[in-house]
Amino acid sequence: MSTLAARLARPEVLQLSPFDISANANVEFGPNAIKLDANENPFAPLGDGPLAVNVNRYPEPQPRGLVAAMAALYGVDSDRLVITRGADDAIDMLLRAFCRPQVDAIAISSPTFTAYQHFANLQGARVVDVPLGPNFDFGAERFIAGVRGQGVKLAFICSPNNPTGNEVDPAAVLRVADALDEVIVVVDEAYLEFSSTPSLAIAASARPNLVVLKTLSKAYGLAGARVGAAIGNADLIAIASRVLPPYPLPTLSIEAALAALNPARRALHEERINRIKSERDRLAPLLATSPLIRSVRNGGGNFLFLEVEDPEARASELRRLGIRVRFRPQAAPGGLRLTIGTEAENAAALSAFGINERGNCARKADVVRETKETSIAVAIDLDSPSPRRVHTGIPFYDHMLDQVAAHGGFSLVLECDGDLEIDAHHSVEDCAITLGTALSNALGERRGIGRFGFALPMDEAEAQVLIDVSGRPFSRFEGQFSASHIGDYPTEMTEHVFRSFADSLGAAIHVRVEGDNDHHKTEACFKAFGRALRQAIRFDGDAQALPSTKGVL
Ligand SMILES: *Cc1c(COP(=O)(O)O)cnc(C)c1O
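In this report, the structure presented in the accompanying data block is examined. From a predicted model like this one, the values you see are computed outputs, not experimental measurements. (Residues numbered from 1 in each chain as written. Predicted model: local features only at pLDDT ≥ 70, side-chain atom pairs only at ≥ 80, totals over all residues. Heavy atoms only, no water.)

1. So, the site of the ligand
Move 1: In the vicinity of the ligand lie 13 residues, with Ala87, Asp188, Tyr191, Thr215 and Lys218 positioned nearest.
Move 2: Take aspartate 188: an N or O atom from its side chain is 2.6 Å from a nitrogen atom of the ligand.
Move 3: Contact distances for the ligand include 2.5 Å between an oxygen atom and a side-chain N or O atom of threonine 215.
Move 4: Contact with the protein chains hides 94% of the accessible area of the ligand, taken as 390 Å² for the molecule alone.
Move 5: By residue number, the principal contributor to the shell around the ligand is helix α5 (residues 86-98), which donates three residues.
Move 6: Of the residues contributing to the shell around the ligand, the split by class is five nonpolar, four polar and four charged. (Near = heavy atom within 4 Å. Polar contact = N/O pair within 3.5 Å; in protein donor to acceptor, adjacent residues only side chain to side chain. Areas by Shrake-Rupley, 256 points an atom, 1.4 Å probe, with all protein chains shown as cover. Helix = DSSP H or I, 4+ residues; strand = E, 2+ residues; numbered from the N terminus. Nonpolar A, V, L, I, M, F, W, Y, C, P; charged D, E, K, R; others polar.)

Put into C-alpha cells, the structure is as follows:
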C-alpha cells in the first residue's frame, strides 16, 4: 500500500537518491572526527563575538552591501551577479529557470561534482555525459561534439574539477561557449582561489551564454553560512533570479559574509589560502611515497585525489583513527578525495597511510582584532622569514613593523583599517597590541625558546633593547624625540608601542635610545627590538624545555 504522499509525489522525487554529500556518507563518525571529507576550510571564520543583528526584520532579498562586496571581489558590475544560498542553490536555480521537465537536458563531464546530476534529476531534466579523457583532461572538441544536437540547455564545466582537481583552460571554456551558442555554459569556480587558473567571471558578465558559479564556502571558510553567487550578463541573471525564494539569504549569513569580505581581512584570507596550498603541495609528494597509494593527483583545489590500493582496509583504518574522507570509486578504482586540513589534521591523515611525521608543532598564529576605531588582521609564523606584508595606513609605521619582522626572523602579514581621519594614535597602538597577541599565541606555552634577548648600538643613533619573554608584562622607555611626527607617524607613540607590545606579548621590554636624528632613533628602536626578539623566540636546545627554573612561564 502506498501512502497518499507517495501516490501524489512527482515520480522524479520518488526516484531521487539522497544527496551525495559527506553528511550522508559518513553517518557512523562521531562529532569529534577529523573532517577531511567535505572540502571545507579548516580555519574558523575570522573575528569573534556573537552577531548582534536585527533578525526580527526580513533581510534584503539581494542585500546591496553584500552584492557590492562580492561584485568587487570578482571584478564585475553589481547587476551581473545574484547571490544564492551557496553555489548549490545557484545550480538548482539555473536548472529550474532553464530546463523544462522531460524535454531539456544538461551536459556534464564525469567524474565531476554530483549536484549537477542531482538537481537535473529533481527537475526531470536529462543528463548528457561526455566523460573526461584518460587523464581526467577536458577536451573541448570532444565535449562540443557530444553536446551538440542533444537538447542541452546548460553545460556544466567544473574547474578545478571536484573530485579530480584538474583545471580546465579558460580558452577551452570560451571555445565551447563560442561553438555552442544556443547553450548556456556554466563554469563552476568553487575552488578557483586555490588554483593558478584565471577566473572567467569578467568574461561571463559580458557574454551571452556564459555563467560562472562562485562560493564563499571553500576559500573564505563560510560553508555553514551558505553564501554563493552566479555571475552572467544582466539579462540572464535577472531571468534566472525569478525562481529564487523571496528571501533567500538569512540575515546572519549576510552578516557573516560581509564580515568575511571586510577589506581589512583580505590579507589574512590570502595567507590562509596560501597555507592550504602549501600544505597541499607538501602532502602530495609525501603521500606518493606510501606503498598503500597507487597515485596522487595534486590539482587546483583544497584537496588531493588519491587512488589507494586497498580501499576497504584504508576505510577501516581511517574509521579507527576517526578521520573522515570521501571515497570516490565512481571516479576511479580506489578513488579517495582528501581535503587539506590544519597541519595537525594532515599529520593524522598521513599516519593513516603509514607516514609518520615528527618535529616541532607549528609556531603560527593569526589574530583578528576589531573595535569601533580599528579593524586589524595579523598572521605570523615564527619559523618562516616570509612573507612580510604590512599595511597600517601609516607608511613610516609599516616600515618600522617590517623591520621588527625582518630582524626578528619571522613572517608577518598585517592589515589595518583604522580611523586615520582622526589621527594615527589608535591604529599605531592597536597594531602593536594585535601583533603582541599574535606573538604570544604563536609562542604558546613558550617551550624551547631562548626567552632572553638583547640588542645594541646602531649607527650614530644608539638603541638598546632588552627583552625577557617571561609571560609578565613590564616596560621601560628612556629616550626623547624633538620632532612631533615622522611622516604621519607621531613620535610620542614609540614609547606607547613598546608598552603595548609588553602588555600583549607578556614580556619585559627595556628600551633606551640616544642620538640626533629622530628617524634614525625610531628605526633603531624597532630594529633592535626585532633583533632582541629573534634571540628570545628562537629555539634553544631542548624543544620541550621551559626556559625557567620554576618549570612554568
Ligand atoms: C562545494 C562545491 C560547491 C557548493 O558550494 P556551496 O556554495 O557550499 O553550495 C559547488 N561546486 C563544487 C564543485 C563544489 O565542490
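Right, picking up where we left off after that structure.
2. Remarks on the sheet that holds strand β20 (residues 474-478)
Sheet strands pair via backbone hydrogen bonds, and the direction of the pair is either parallel or antiparallel.
Move 1: The four strands are arranged β18-β19-β23-β20 in an open sheet whose pairing can be described as mixed. On the outer flanks of this sheet lie β18 (452-455) and β20, each paired with one strand and no other. Neighbour to neighbour, the strand axes of the sheet diverge by 5° on average, direction disregarded.
Move 2: When strand β19 (residues 462-468) meets strand β23 (residues 508-514), the two strands line up antiparallel, connected through seven bridges. Bridged to isoleucine 467 within β23 is isoleucine 509.
Move 3: Across the sheet, helix α17 (residues 493-505) touches β19, β20 and β23, and the angle it forms with β20 is around 165°.
Move 4: Contacts between helix α18 (residues 518-537) and the sheet are confined to β18, β19, β20 and β23, with β19 contributing the most and set at about 30° to the helix. (Pairing = 2+ DSSP bridges. Axes fitted to C-alpha atoms, helices over the stretch in contact; angles between N-to-C directions. Contact = heavy atoms within 4.5 Å.)

3. Side note on the packing of aromatic side chains
Move 1: Going through the model one piece at a time under the given rule, you end up with 15 aromatic pairs.
Move 2: Seen in terms of ring centroids, phenylalanine 396 and tyrosine 489 are 5.3 Å apart; in terms of plane orientation they differ by 50°. Their pairing is tilted. Here tyrosine 489 lies in strand β22 (residues 489-490) and phenylalanine 396 lies in helix α15 (residues 395-408), a separation of 93 residues in the sequence.
Move 3: We note arginine 363 situated over the ring of phenylalanine 539; from NZ or CZ to the ring centre the distance is 4.0 Å. (Phe/Tyr/Trp six-rings, centres within 6.5 Å; stacked < 30°, edge-to-face > 60°. Lys NZ or Arg CZ within 6 Å of the ring centre and 35° of its normal.)

4. So, the environment of arginine 388
Move 1: Tracing the sequence through the fold places arginine 388 in strand β16 (residues 388-391).
Move 2: Relative accessible area serves as the criterion here: at 38%, arginine 388 is assigned to the partly exposed category.
Move 3: For the pair arginine 388 and glycine 165, spaced 223 residues apart in sequence, the C-alpha separation works out to 30 Å.
Move 4: Polar contacts involving the side chain of arginine 388 include one to the side chain of aspartate 402, which spans 2.8 Å. (Buried < 20%, exposed > 50% of the residue type's maximum accessible area, 1.4 Å probe, protein only.)

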